[in-house]
Amino acid sequence: MTSRVLQTTGTTFEHCLGIIRHASVDILLLLGVHASEGKDPRWFLEQLDQARLNLGGWNAVAKRLHMNDAQLSQFTLRLRHLQQCVPQYESGQAVSENQLIAALRFVTSLEQLRQCQPLLTYLTDVDASDESQQRRAERQLRAIELVLKGLVAQVWPDSQSLNAYLKQHFGADRLRRWIKQGDGQEALSGMCFSELALMVVDKKNFARHYAGVFNDTSVLTLFVEPRATLRQFLDDCRQARNGVIAGEPITAAQLTLLSCQYQHITRPVQRAFERGRTRVNPAALLIVDDAPLEQYWERARHLNHQAGGEQQEIGETIELPRKRPQRTAEEREQLISGTLWGAVGVMVLAILGGGMWLFSSQEPPAAPGVESVKNEPKREAPSPRESITQKGITWDAFNMRAAIDRNDTRVTTLFLQGGMNWQLAWTEQAFSLGNTEVLQLLLRYPSLMDEPKPCRRFINTLGHAMSNGASLTAEHALYLQRFCTVPAVVARQKHEAEQATLRARAEPSADNKKWLKIQTAIYEEIRG
């Protein structure tokens, strides 16, 4: 049974890679890069960066693909994540479920790109689908929402405590809207899927209430932490839900992806239920007849229409409501216009008063030349976070890392000016591609680098790159001197250099001599 599942996973994964290779040729051709055949994800990333250089920037790439900044960021981020999950692949090699999920997520991004740019005609059918699979997916999406609702209701069992929390963290206006749209006085029934998911994946809520439920180490391991993985999976479910609500069939790639993600989302909850740690039973919620299922989706369509759709990603944290709502661009323009007209009125009154005084004086004055210069008040400049939002990019670490990978200094600068933290590990692709602009930019904000103990990975990655022929560049030296000169790191690197010396003396092979040179060069940079 296990071997059959692994074989199916491997077959589907290889089919996904085939789709990506064919699609990459069409996409690169549209961007002016000619390739006879597609290769691995790393090659696709390098060719996209070459297209960026040829066209003059990522804005030109996005325009050619009919995508906005947020869509292009998500596209390159998923491709980058697939490349990290599958650095090398040989046909028939064992494939993990995480690698399959990463490949399927990028295939769904290829489907979204094809919808944006009709000139792209590549095929993305992972497998044949029928009506029964569509119904199963609709049941799974319904069960996921009911699981989320049950988990939230378990933390706030009565409407009074729930409403108090929602009012404090979301504001009275949204609470009134949810109650009005919900069943009676129940606010959860009036929430959209993304709002309900945010109640669970919010950093504070997850750590306080849900980390104990989703503590199964066999699932939710695609990203560094289970919460981040759960948020990404629920956002994929949001996109699949949007298709069902719009009356569109779920694609074969989305069906396969949902089948994998459903197990990751519900398995730890089911396990907690069986052990008596929660009252939410996903297996029971999955069982529903066709008539109640159709009623559920009709209500979901009605709720989606009232909310105006769900196009924004599920956020990282709940943003507390402002005591004074922020003015929109139109309101700021009206305020400035009113100020200007007020200033004009004061000037007119001053001129009339001066004229009356002149005419009433006994000595006729010389014809005055009245000149009035009034500096127009400057408009309130948007904050870096507002500028990011105006570009359609979600304020989170994933999009910042995607901007760094793309060498997009404009978007990266906005993230840094807004106070977003970054990690040294995010510079790996920039170093491999020689993107000195973004590397120099990050060095201007060293206090925002918050990765704990970053030097071991950075030095190991640098050492392997140098062993493959790369050189220790000026940027490498600056990063080593800025972040890796603490005594513990220097002592460890000194030990590595001494060990390399002993190995080279004991066995003076070419490989040992090369590593001695590498370890010594790194130590020389950080020892001060």
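Residues numbered from 1 in each chain as written. Predicted model: local features only at pLDDT ≥ 70, side-chain atom pairs only at ≥ 80, totals over all residues. Heavy atoms only, no water.

Peer 1: If you had to explain the state of the cysteines to someone new, which residues and values would you point to?
Peer 2: Considering all chains together, one arrives at one disulfide under this definition. In this model, Cys 455 is linked to Cys 484 through a disulfide, with the two sulfur atoms separated by 2.3 Å. Taking the sign of the S-S torsion, about -100° here, the bridge from Cys 455 to Cys 484 comes out left-handed. Of this pair, Cys 455 sits in helix 21 (residues 455-467) while Cys 484 sits in the loop between helix 22 (474-483) and helix 23 (487-506), and the two are 29 residues apart along the sequence. (Disulfide = S-S within 2.5 Å. Helix = DSSP H or I, 4+ residues; strand = E, 2+ residues; numbered from the N terminus.)

Peer 1: Outline the confidence of the model for the protein, listing residues and values.
Peer 2: The predicted model of the protein averages 87 in pLDDT, with 91% of residues at 70 or higher. Mean pLDDT in the protein bottoms out at helix 15 (residues 329-360), which sits at 76, and peaks at helix 13 (residues 282-286), which reaches 95. Within the model, pLDDT remains below 50 along residues 1-5, and this stretch shows zero contacts once partners closer than five positions in the same chain are excluded. Segment residues 362-374 is flagged for pLDDT under 50; beyond a separation of four residues in sequence, or across chains, it makes six contacts in the model. (pLDDT = per-residue confidence, 0-100. Contact = heavy atoms within 4.5 Å.)

Peer 1: Residue-level account of helix 2 (residues 41-55), with values.
Peer 2: For helix 2, built from 15 residues, the straight-helix expectation of 21 Å at 1.5 Å per residue is met to within 8% by its first-to-last C-alpha distance of 21 Å. Along helix 2, the positions that sit buried rather than exposed are Pro 41, Trp 43, Phe 44, Leu 45, Gln 47, Leu 48, Asp 49, Ala 51 and Arg 52. Taken from the residues just after helix 2, Gly 56 is the one with a positive phi, measuring 100°. (Expected span 1.5 Å × (residues − 1). Buried < 20%, exposed > 50% of the residue type's maximum accessible area, 1.4 Å probe, protein only.)

Peer 1: Explain the side chain of Asp 235 to me, using residue names and the numbers behind them.
Peer 2: Here Asp 235 lies in helix 11 (residues 226-245). Beyond its immediate stretch of four places on either side in the chain, Asp 235 contacts Gln 312, Glu 313 and Ile 314.

Peer 1: So, a nonpolar patch on the surface: which residues are in play, and what are the values?
Peer 2: On the surface, Trp 341, Val 344, Val 348, Leu 349 and Leu 352 cluster together into a nonpolar patch covering about 550 Å² of accessible area. Structurally, the position occupied by Leu 349 is in helix 15. For Leu 349, a relative accessible area of 62% translates into the label exposed. (Patch = residues over 30% accessible without salt bridge, like charges linked within 9 Å, V, L, I, M, F, W, Y side chains within 5 Å. Areas by Shrake-Rupley, 256 points an atom, 1.4 Å probe, with all protein chains shown as cover. Salt bridge = Lys/Arg side-chain N within 4 Å of Asp/Glu carboxyl O.)

Peer 1: Please give an account of the packing of aromatic side chains that cites residues and values.
Peer 2: Geometrically, a pair of aromatic rings is defined through the distance of the ring centres and the angle of the planes. According to the stated counting rule, one finds 15 aromatic pairs in the structure shown. Seen in terms of ring centroids, Phe 75 and Phe 106 are 5.0 Å apart; in terms of plane orientation they differ by 45°. Their pairing is tilted. Pair noted here: Phe 75 is in helix 4 (residues 69-85) and Phe 106 is in helix 5 (residues 97-116), with a separation of 31 residues, a long-range link. We note that Phe 75, like Phe 106, is buried. Through a chain of ring-to-ring contacts, three or more aromatic side chains come together here, namely Trp 422, Phe 431, Phe 458, Tyr 479 and Phe 483. (Phe/Tyr/Trp six-rings, centres within 6.5 Å; stacked < 30°, edge-to-face > 60°.)

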